[in-house]
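Residue-level structural notes
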Amino acid sequence: MKNRNLTGVVLAIIYCFVLYGILIEAPPGEVPDHPPWAYLMIPLGAIAITALFDFVIKYDFFKKKE
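None of these values were measured; they are calculated from a predicted model. (Residues numbered from 1 in each chain as written. Predicted model: local features only at pLDDT ≥ 70, side-chain atom pairs only at ≥ 80, totals over all residues. Heavy atoms only, no water.)

1. Observations concerning the overall build of the protein
Counting its secondary structure elements, the protein contains 2 helices and 0 strands. Relative to its length of 66 residues, the protein is extended, with a C-alpha radius of gyration of 15 Å against a globular reference of 11 Å. The dimensions of the protein, computed from C-alpha atoms along their principal axes, are 55 × 20 × 20 Å. Counting all 66 residues of the protein, 23% fall into the buried class. Partitioning the intrachain contacts of the protein with sequence separation of at least 6 by distance along the chain shows that 71% fall at a separation of at least 24. The centroid of the 6 positive side-chain charges in the protein is displaced by 19 Å from the centroid of its 6 negative side-chain charges. (Helix = DSSP H or I, 4+ residues; strand = E, 2+ residues; numbered from the N terminus. Rg over C-alpha atoms; globule rule 2.2 N^0.38 Å. Buried < 20%, exposed > 50% of the residue type's maximum accessible area, 1.4 Å probe, protein only. Contact = heavy atoms within 4.5 Å. Lys, Arg positive; Asp, Glu negative; His and termini not counted. Charge placed at Lys NZ, Arg CZ, Asp CG, Glu CD.)

2. Digging into the packing of aromatic side chains
Evaluation of the coordinates by the stated rule reveals 1 aromatic pair. Judged by centre distance (4.9 Å) and plane angle (85°), the ring pair of Tyr59 and Phe61 falls under edge-to-face. On the accessibility criterion, Tyr59 (40% relative accessible area) is partly exposed. (Phe/Tyr/Trp six-rings, centres within 6.5 Å; stacked < 30°, edge-to-face > 60°.)

3. Regarding the environment of Thr7
Along the chain, the position of Thr7 falls in helix H1 (residues 6–23). Separated by 53 residues in the primary sequence, Thr7 and Asp60 place their C-alpha atoms 5.5 Å from one another. Non-local contacts of Thr7, meaning those with residues more than four positions away in its chain, are made with Phe53, Tyr59, Asp60, Phe61 and Phe62.

4. Regarding H1
Along its 18 residues, H1 runs 26 Å from first to last C-alpha, staying within 8% of the 26 Å computed at 1.5 Å per residue. For H1, every residue scored as buried is listed here: Thr7, Gly8, Ala12, Leu19 and Leu23. In an axial view of H1, the angular spread of the buried residues amounts to 125°, which keeps them on one side of the axis. Of the surrounding secondary structure, the elements contacted by the buried residues of H1 are helix H2 (41–57). For H1, the side-chain oxygen to backbone nitrogen distance between the N-cap and Thr7 is 3.1 Å, and the N-cap itself is Asn5. (Expected span 1.5 Å × (residues − 1). Arc of directions from axis to C-beta. Polar contact = N/O pair within 3.5 Å; in protein donor to acceptor, adjacent residues only side chain to side chain.)

5. Topic: unusual backbone geometry
Although it is not a glycine, Lys58 sits at a positive phi angle of roughly 60°. Of note, Lys58 is situated in the segment after H2. Owing to a relative accessible area of 60%, Lys58 belongs among the exposed residues under this scheme.

6. Examining the side chain of Thr7
Residue Thr7 is classed as buried on the basis of its relative accessible area of 4%. In terms of polar contacts, Thr7 uses its side chain to reach the side chain of Asp60, at 2.6 Å.

From the geometry alone we can't say anything about function, so treat these as descriptive.
Laid out in structure tokens, this is it:
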């Protein structure tokens, strides 16, 4: 198994929780009114963040090389 960039994984998890919190926000007594594709941004954004850190940035803040 390939060594995953731990920084990308942690940021992707934080992104998922924050975006979910933003998407479920609505005024009291109302249902959130978003298009169906808005919720698809959660997994697609997480994949993009992990790919960005795995292939482009390649620097891991948690695994320091000695």
